[in-house]
Amino acid sequence: MTQQLQLNSKGKLKHFLSIEGLSQNLLTEILNTAESFAGTTGQPVKKVPLLRGKTIVNLFFENSTRTRTTFELAATRLSADVLNINIATSATSKGESLLDTIRNLEAMHVDMFVVRHSLSGAAHFIAQQTAPHISVINAGDGQHAHPTQAMLDMFTIRQHKKDFTHLKVAIIGDILHSRVARSQIQALNTLGAAEVRVIAPKTLLPVAVESLGVTAFHSMEEGLHDIDVIIMLRLQKERMNSALLPSESEFFKCFGLTPGKLKLAKPDAIVMHPGPINRGVEIDSSVADGPQSVILQQVSNGIAIRMAIMSMAMQQTGSPA
């Protein structure tokens, strides 16, 4: 169902809602397209005219300054007009339904919705309800998916490691509640990574996590052996107030990435984090700011990836009747 909704009749990207169901060829096309845009960031004039005359709406029902900003920058560099809807002060907060909000924006002849929502499936719902000429990009929905984050992570990995087929990747932290981890696992497996490991306490792993295509470890000492890429996940503060974990300091002691634990991986392993970082909880500052960290490159790559996805989706849609 997800695959059918995301692709048009020619098998090209129309919406980008989830990594699930997308082919290796399509993910590679996204990475290759992003590669062409990455070169523009160092140019005096960073804009290209691909989406001139198009209007893109950032519909963020959940706060995320960095994700919204990179989408806005990406759209602007494609020469699109960008409308940021402040949900806290919009009609939605006054009782208007989500569908009414979408219908009113459609009446303004917009071309794309970038949606971030706390409810899983919100972007899928909007994609099913919108007019045929409108594309929908999922900027994170509930605990379900964050596909553009996963793709910027894949882009960063490819920049440093070139080929996925020999890579061993470890994703560490709150796997249970992480939409980022789900999308990363799907992308890594689709792109042919040799092994995907998850490292976390049992309370932060989904039931039957191996069914996602990963190997589970409950110890950094075991899980980091022979690893090429380390992806740390943000530990949400609300988890600390539940029965899932004893304390921040205890989590850092067991699962925080320190210089000593980093040495367990391969000498040329890269360190990633989707952000925002909790220093001293998931990762030591000396590692986050160290020579093996590519965290700031991930942020930069977010612009190129989102330019690629928006341009690919918009080129497959027609104009409204």
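Right, let's walk through the structure included here. (Residues numbered from 1 in each chain as written. Predicted model: local features only at pLDDT ≥ 70, side-chain atom pairs only at ≥ 80, totals over all residues. Heavy atoms only, no water.)

**Observations regarding the pairing of strand β6 (residues 195-199)**
Operational definition: To sort residues, take the accessible area from a 1.4 Å probe on protein chains only and compare it with the maximum for the residue type: under 20% means buried, over 50% means exposed, and anything in between is partly exposed. Where helices and strands are cited, they refer to DSSP runs of H or I of at least four residues and of E of at least two residues respectively, numbered from the N terminus. Strand pairing follows a simple DSSP-based rule, namely that at least 2 bridges must link the two strands. Note on handedness: a clockwise path from strand one over the helix to strand two, with the strands aimed away from the viewer, defines a right-handed crossover.
Counting buried residues in β6 gives five out of five residues, a clear majority hidden from the surface. Every second residue of β6 is oriented toward a common face, with E195, R197 and I199 on one face and V196 and V198 on the other, all of them buried. Here strand β5 (residues 168-172) pairs with β6 via five bridges, running parallel. Looking across to β6, one finds that V169 is bridged to V196. The parallel pair β5 and β6, bridged by helix α7 (residues 179-190), forms a crossover whose chirality is right-handed. Both β6 and strand β7 (residues 215-217) contribute to a ladder of three bridges, which runs parallel. Residue pairing in the sheet places R197 in a bridge with T215 of β7.

**Let's talk about the sheet that holds β7**
Strand-to-strand pairing in sheets goes through backbone hydrogen bonds, with the strands running parallel or antiparallel. Stated formally: Between the N-to-C directions of two axes lies an angle of 0 to 180 degrees, each axis being a line fitted to C-alpha atoms and, for a helix, fitted only over the stretch in contact.
Taken in spatial order, the five strands make up an open sheet running β7-β6-β5-β8-β9, and their pairing is parallel. Looking at the sheet topology across the chains shown, the edges are occupied by β7 and β9 (270-272). Strand-to-strand twist across the sheet, computed as the mean angle between neighbouring axes with direction ignored, equals 20°. Alignment of β5 against strand β8 (residues 229-232), held across four bridges, turns out to be parallel.

**Thoughts on the nonpolar core**
The cut-off we apply is this: Residues belong to a common nonpolar core when they are buried Ala, Val, Leu, Ile, Met, Phe, Trp, Tyr or Cys residues joined through side-chain atoms within 4.5 Å. Segment limits for the domains were obtained from an automatic or database-derived domain assignment. Throughout, a residue-residue contact means that at least one pair of heavy atoms, one from each residue, lies within 4.5 Å.
Formed by 87 residues in total, the largest nonpolar core has its most connected members in I171 and L257. Viewed by domain, this core spans two of them, domain 1 (2-146 + 300-315) and domain 2 (147-298), each represented by three or more residues. Ignoring anything within four residues of it in the chain, the contact list for I171 reads A181, Q184, I185, L188, V196, R197, V198, I199, I231 and L233. Membership of the second largest hydrophobic core comes to 17 residues, among which are L59, F61, I102 and A127.

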